[in-house]
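# Report on the structure
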Amino acid sequence: MRRYDIVIAGGGIVGLSLALALKRTMQGALSVCLIDSPNPREDDRAFAFSAGSVRMFKVLGLWEAIEPDAQPIHDMVITDSRLEDPVRPVFLTFGGEATPGEPFAHMIPEQAVIAALDEAVAASGIERIPGRIASARPEAGSSLVTLSDGSQCRALLVIASDGAKSRLREDAGIGWINWSYEQSGIVATIGHEREHNGQAEEHFLPSGPFAMLPLTGNRFAMVWSETTDLARLVLQRSDADILAEIEKRVGLRLGELTLLSRPRAYPLGFGLARRFGGERLALVGDAAHLMHPIAGQGLNFGLRDVAALAEIITDHALLGLDLGDTLVIEAYEHARRADTVAILSVTDALNRLFSNHAMPLRLLRDLGLGVVDRLPSIKSRLIREAAAINPHLPRLMRGESLPGF
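Residues numbered from 1 in each chain as written. Predicted model: local features only at pLDDT ≥ 70, side-chain atom pairs only at ≥ 80, totals over all residues. Heavy atoms only, no water.

## Section: the side chain of aspartate 5
- Note on placement: aspartate 5 falls in strand S1 (residues 2–9).
- With no salt bridge to any partner, buried aspartate 5 finds its closest opposite charge in lysine 23, at an N-O distance of 7.5 Å.
- Apart from residues lying up to four places away in sequence, aspartate 5 is in contact with Ala29, Leu30, Ser31, Ala155, Leu156, Leu157 and Leu323. (Helix = DSSP H or I, 4+ residues; strand = E, 2+ residues; numbered from the N terminus. Buried < 20%, exposed > 50% of the residue type's maximum accessible area, 1.4 Å probe, protein only. Lys, Arg positive; Asp, Glu negative; His and termini not counted. Salt bridge = Lys/Arg side-chain N within 4 Å of Asp/Glu carboxyl O. Contact = heavy atoms within 4.5 Å.)

Dropping the structure here:
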């Protein structure tokens, strides 16, 4: 029976990043096994990666491969209107840099990040087993991991990066606070005639936010939040009809639009694990928390989990301590709980505040946006928080190496 220091369930961006970070520390002394589905990835989504996440990619040696597909976001424009309004006044703008020469975020296609991670993981000597974990049973000194094909191995610590419907979280009896927003995020890549100049736009409409996020070339990633019932009807329409609806929301600034990918819809909801770990088990990414994309922070907070847990495991390994000990889980919970609850509360409140037709609330929120737009100190702080520029963040998020890199 094979024995590992760490077994990670799930091979998305979060799971792959954590496996690589742990293998690169301590001159590769930690044995890491990644167990994930061999199914091909066909997702064409793109994500906004904060400056902190980009710093971590640089430390992990990924940025050179990712950078050609990365579009810096130079500024952000926010409007609040109804679809039939003839004018969309701008209530809030974000611009500038997180630090001199460093954009506060980059838009990067998911496939570009996954490809760079796959290559780096393959070159690092991480053992990668296709399949899924059927169970992880804590025993004295280790956890007995059983795979779906019946094979078994042992690990000091099992890390669940297996999504919002985490089997490992459920089997460990960790509660999951969740609700649906009765919304779906319709995503697609849109081509356009005129240059976007690195400007992102988010229009707050009564049914939910409509975001246009710049990609390399004359393209943008669309994230269209709509009621679930209407989203289902939208996807049943022809490409020409869908494009006509998109044009109503985008306007004429970018010229003629084209659909570069067939739109897909993803359900939107709130989720928070009551604990971020159990006996010889830690939860990261969507297995620990699920948030609305209104602030573009979901994946970035998963990467913060990676940075925090990698640092904690490394510190304990250097002291020769048991990596599955309750001290590791407690330190990780302490590092990530408050930060995560705060952003979940903010994104939930923002979605409820902006996704409605109530005129009094609309006037109140527009007044608030206008006040923030006129206070440079508050805007600067918001930008730094969104960019993950904070001296209290884990070392990888600050662009600092862990021991043994």
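## Details of the nonpolar core
- Ranked by size, the top nonpolar core spans 83 residues in total, and within it Leu22, Ile159 and Ile313 carry the most contacts.
- If one sorts the elements of this core by residue count, helix H8 (residues 298–318) sits on top with ten residues.
- Apart from residues no more than four positions distant in its own chain, isoleucine 159 is found in contact with Ile6, Val7, Ile8, Ala9, Leu18, Leu22, Ala282, Val284, Leu309 and Ile313. (Core = buried A, V, L, I, M, F, W, Y, C linked by side-chain atoms within 4.5 Å.)

## Section: unusual backbone geometry
- Not every positive phi belongs to a glycine, and asparagine 197 is a case in point at roughly 55°.
- Among the secondary structure elements, asparagine 197 is positioned in the loop between strand S14 (176–192) and strand S15 (199–205).
- The backbone of arginine 280 sits at a positive phi, close to 55°, despite the residue not being glycine.
- Position of arginine 280 relative to the elements: it lies in the loop between strand S20 (277–278) and strand S21 (281–283).
- With a relative accessible area of 8%, arginine 280 lands in the buried category.

## Examining the pattern of salt bridges
- Evaluation of the coordinates by the stated rule reveals 23 salt bridges.
- One salt bridge in this structure joins arginine 253 and glutamate 201, with 2.5 Å as the shortest N-O distance. With a gap of 52 residues between them, arginine 253 in the loop between helix H7 (239–250) and strand S18 (257–259) and glutamate 201 in strand S15 connect regions that are remote in the sequence.
- Among the salt bridges present, the one from arginine 395 reaches glutamate 311, with a minimum N-O distance of 3.4 Å. Of the two residues, arginine 395 sits in the segment after helix H11 (376–387) while glutamate 311 sits in helix H8, which places them 84 residues apart along the sequence.

## A look at the pairing of strand S12 (residues 142–147)
- Extensive coverage of S12 is indicated by the burial of six of its six residues.
- What you see with S12 is no split at all: Ser142, Leu144 and Thr146 on one side and Ser143, Val145 and Leu147 on the other are buried throughout.
- Pairing geometry for strand S11 (residues 133–139) and S12, over six bridges, is antiparallel. Bridge pairing in S12 links alanine 136 to valine 145. (Pairing = 2+ DSSP bridges.)

## Brief notes about the sheet that holds strand S4 (residues 71–72)
- An order of S3-S9-S4 is seen for the three strands of this open sheet, with the pairing classed as antiparallel. Of all strands in the sheet, those with a lone pairing partner are strand S3 (46–50) and S4, marking the two edges.
- As paired elements, S4 and strand S9 (residues 105–109) share two bridges and run antiparallel to each other. Across the sheet, glutamine 71 pairs through a bridge with methionine 107, a residue of S9.
- Packed onto the sheet, helix H2 (residues 51–59) meets S3 and S9 and runs at close to 90° relative to S3. (Axes fitted to C-alpha atoms, helices over the stretch in contact; angles between N-to-C directions.)

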